[in-house]
Amino acid sequence: QVQLMESGGGSVQAGGSLSLSCAVAGLNVRLNCLAWFRQAPGKEREGVARIYGDSGATYYADSVRGRFTISRDNAKNTTYLQMNMLKPEDTAMYYCAAVRGWQCVSFNVEYAYWGQGTHVTVSS
């Protein structure tokens, strides 16, 4: 059984930092594509960052590039999202997702596995 468990959400002031974790069970993070998505009330879900299974290459949405960093710890089978220089518009529910590595070409493919989400609030 595949399970993704996000943690680390909370409330911070604009300009602050927050680190999210996603513990993955049932699949190897090194062999699969891991991604972070977010969704704010009344808005469409958007891809934030993803990391490629084989190469470890990363991709970021324009809105977070330079501020967010996705990484993974193969030994812990966990992926992370380090969020710096947070803005109020970053406020959203953040979800961890996974898909087979060869599908790690877009945020728009159907990610097979999802976590329950962790909420991030950034105040002005």
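Criteria and thresholds
Residues numbered from 1 in each chain as written. Predicted model: local features only at pLDDT ≥ 70, side-chain atom pairs only at ≥ 80, totals over all residues. Heavy atoms only, no water. Disulfide = S-S within 2.5 Å. Helix = DSSP H or I, 4+ residues; strand = E, 2+ residues; numbered from the N terminus. Buried < 20%, exposed > 50% of the residue type's maximum accessible area, 1.4 Å probe, protein only. Pairing = 2+ DSSP bridges. Phe/Tyr/Trp six-rings, centres within 6.5 Å; stacked < 30°, edge-to-face > 60°. Lys NZ or Arg CZ within 6 Å of the ring centre and 35° of its normal.

Undergrad: Could you give me a rundown of the state of the cysteines, with the residues and numbers involved?
TA: Under the defined criterion, the tally for this structure stands at 2 disulfides. A sulfur-sulfur separation of 2.2 Å characterises the disulfide bridge that pairs Cys22 with Cys96. Across the S-S bond of Cys22 and Cys96 the torsion is about -85°, and the bridge reads as left-handed. In this pair, Cys22 sits in strand 3 (residues 18-25) while Cys96 sits in strand 9 (residues 92-100), placing the two residues 74 residues apart along the sequence. Note on Cys22: relative accessible area 0%, which makes it buried. For Cys33, the disulfide goes to Cys104, at an S-S distance of 2.0 Å. Here the disulfide of Cys33 and Cys104 is right-handed, its torsion about the S-S bond being about 50°. Taken as a pair, Cys33 in strand 4 (residues 32-39) and Cys104 in the loop between strand 9 and strand 10 (113-114) lie far apart in primary sequence, 71 residues in all. The two residues Cys33 and Cys104 agree in class, both being buried. Shown here for the chain is a disulfide pattern of 1-3, 2-4, where each number marks a bonded cysteine counted in sequence order.

Undergrad: Can you lay out the pairing of strand 3 for me, pointing to particular residues and giving the numbers?
TA: The two faces of strand 3 differ: Leu18, Leu20, Cys22 and Val24 on one face are buried, but Ser19, Ser21, Ala23 and Ala25 on the other face are not. Two strands pair when backbone bridges link them, and strand 1 (residues 3-7) and strand 3 are joined in this way by 5 bridges, in the antiparallel orientation. Residue Ser7 lies in a different strand from strand 3, and its bridge partner there is Ser21. As paired elements, strand 3 and strand 8 (residues 78-83) share 6 bridges and run antiparallel to each other. Following the sheet pairing, Ser21 is matched in strand 8 by Tyr80.

Undergrad: If you had to explain the packing of aromatic side chains to someone new, which residues and values would you point to?
TA: Summed over all chains, the structure comprises 6 aromatic pairs. With 4.8 Å between their ring centres and 45° between their planes, Phe37 and Trp114 make a pair best called tilted. Of this pair, Phe37 sits in strand 4 while Trp114 sits in strand 10, and the two are 77 residues apart along the sequence. Accessibility expressed as a relative area gives 2% for Phe37, which makes it buried. Seen in terms of ring centroids, Tyr59 and Phe107 are 5.7 Å apart; in terms of plane orientation they differ by 55°. Their pairing is tilted. Taken together, the positions of Tyr59 in strand 6 (residues 58-60) and Phe107 in the loop between strand 9 and strand 10 put the pair 48 residues apart, joining distant regions of the chain. By relative accessible area, Tyr59 is classed as partly exposed at 35%. An aromatic cluster is present here, built from Phe37, Tyr59, Tyr95, Phe107, Tyr111 and Trp114 joined pairwise through their rings. Lying over the aromatic face of Phe107, Arg50 brings its terminal NZ or CZ to 4.6 Å of the ring centre. For the cation-ring pair, Arg65 lies above Tyr59, with the distance from its terminal atom to the ring centre recorded as 5.8 Å.

Shape is all these values report; function is a separate question.
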